[in-house]
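What the coordinates show
Next come the chains, spelled out residue by residue.
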Amino acid sequence: MRLATYSDGTREHTGIVIGDRIVNLAAAAQAFGLPPCHDDLPGCIRAGAPALDTLREIARRCEADPSKGVPLGSVRLLAPIPRPARNVVCVGLNYADHVAESASVVGAAAPQFPVLFTKPPQTVIGPDAEIPWHGRVSTAIDWEAELAVIIGREGRDIAEDDALSYVFGYTIGNDITARDLQERHQQWYKGKGLDGFCPLGPVVVTADEIADPQRLDIALRVNGETKQSANTRQMIFSIARLIAEWSAGMTLLPSDILLTGTPSGVGVGRKPPEFLRPGDLVEAEIPAIGILRNRVAAA
């Protein structure tokens, strides 16, 4: 299933995307006489397996009835989880080719364990939202296309072999980074934590629809020019390993978000370096999920 958070111009809803339509889950459950659905995606995730069964039944009925829902183009998609309850957890240096390009800039070496950091909830924006231009703060704003994982149930000390069973679904993330701040502060929180620096979307594809998350093509374009092109099989640490390491001694909660690292092709690794400018259109794509488009705001 392809789930989304959207605005109809009045309020936010959770919907299921079927072709070029989006169906309001809460309204559909009521109309079909099914158990009530939460009208927010974190609520649906927290409700667990019974809620997922209801969503599947709504999808089945709506696929058979093209009159259900409204045109996708008539609503505004938001980040699937517009206001995360906790920081977004991210992974640095998780593709060997990105480690190699980073080595030429900051002397990075391949990590023996996942490099974890976080981005504040205020970094999250949705598809087609503008990436703020923080020109007074940074002039070296970079892109990083990533596969994002949405946690589906609570767990701690999760075994690697069981880790994927804790995944609710997948979306696309763009780990926007102010490289000059990253260098200046000698850590990643500030340079990656400015408001609006974590576009997410456009939808969440439930885990049952992704046969193997380690076999997904991933790419990023700036103004139509391909800057990154890779496959998640090139990750140093698999998604299962990342979840196991993250959860060691730490409780993961439903709707927690994990960004799994970016491949090579980032701006700072190019010669000469390239950075985003006001008006640039950035498109991160994972074909199995969709395209996450964002334009950099005017100066």
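Above this note sits the structure.
The rules behind the values
Residues numbered from 1 in each chain as written. Predicted model: local features only at pLDDT ≥ 70, side-chain atom pairs only at ≥ 80, totals over all residues. Heavy atoms only, no water. Helix = DSSP H or I, 4+ residues; strand = E, 2+ residues; numbered from the N terminus. Rg over C-alpha atoms; globule rule 2.2 N^0.38 Å. Buried < 20%, exposed > 50% of the residue type's maximum accessible area, 1.4 Å probe, protein only. Contact = heavy atoms within 4.5 Å. 1 Å grid on protein atoms, 1.4 Å probe; cavity = no way out; pocket = protein on both sides within 12 Å on 5 of 7 lines; lining within 4 Å. Points joined across faces, edges and corners; volume = space filled by probe spheres on them. Pairing = 2+ DSSP bridges. Axes fitted to C-alpha atoms, helices over the stretch in contact; angles between N-to-C directions. Parallel < 35°, antiparallel > 145°, perpendicular 65-115°, else oblique. Nonpolar A, V, L, I, M, F, W, Y, C, P; charged D, E, K, R; others polar. Expected span 1.5 Å × (residues − 1). Arc of directions from axis to C-beta.

Attention now moves to the overall build of the chain. Across its full length, the chain carries seven helices and 18 strands. Taken over the C-alpha trace, the chain has a radius of gyration of 19 Å; the compact-globule value for 299 residues is 19 Å, and the two agree within 12%. Its C-alpha atoms put the chain at 60 × 45 × 30 Å along the principal axes. Residues counted as buried form 56% of the 299 residues belonging to the chain. At a minimum sequence separation of 6, the contacts of the chain that also span at least 24 residues come to 75%.

Below, the discussion takes up the layout of surface pockets. Estimated volume of the second largest pocket: approximately 290 Å³. Considering the residues around the second largest pocket, the lining is formed by 20 residues, among which Asp40, Pro42, Ile81, Arg83 and Pro84 are closest to the centre. Broken down by element, the lining of the second largest pocket gets its largest block of residues, three residues, from helix H2 (residues 41–46).

So, about the pairing of strand E1 (residues 2–7). Burial runs high along E1: five of the six residues are buried. Where E1 lies against strand E13 (residues 198–206), two bridges are found, and the strand directions are antiparallel. By the bridge assignment for E13, Leu3 is matched with Val204. Pairing of E1 with strand E2 (residues 12–18), which is carried by five bridges, proceeds in the antiparallel orientation. Looking at the pairing, Leu3 lines up with Ile16 of E2. Between the end of E1 and the start of E2, which pair antiparallel, lie four residues, with Gly9 showing a positive phi angle near 100 degrees. Note that E1 and strand E5 (residues 76–78) share three bridges and pair antiparallel. Its bridge partner being in E5, Ser7 is matched across the sheet by Arg76.

A few words on the packing of helix H1 (residues 25–32) against helix H3 (residues 49–63). Where H1 meets H3, the axes come as close as 10 Å, and the angle between the chain directions of the two elements is 80 degrees. Between H1 and H3, the angle falls in the class roughly perpendicular. Note on element contacts: H3 touches H1 through Leu55, Ile58, Arg61 and Cys62, opposite Leu25, Ala28, Ala29 and Phe32. Tallied by class, residues from the contact of H1 with H3 come to seven nonpolar, no polar and one charged.

What follows deals with H3. The end-to-end C-alpha distance of H3 is 21 Å, a good match for the 21 Å that 15 residues give at a rise of 1.5 Å each. Of the residues making up H3, those classed as buried are Ala51, Leu52, Thr54, Leu55, Ile58, Ala59 and Cys62. One side of H3 holds all its buried residues, which, seen down the axis, span an arc of 155 degrees. Pointing more than 90 degrees away from the buried face of H3 are the exposed residues Ala49, Pro50 and Arg60.

A cis amide bond, omega 0 degrees, links Gly201 with the succeeding residue Pro202. The amide bond that connects Lys271 to the next residue, Pro272, takes the cis arrangement and shows omega of 0 degrees. With respect to the element layout, Pro272 can be found in the loop between strand E16 (257–259) and strand E17 (281–286). For Asp157, which is not a glycine, the phi torsion comes out positive at approximately 55 degrees.

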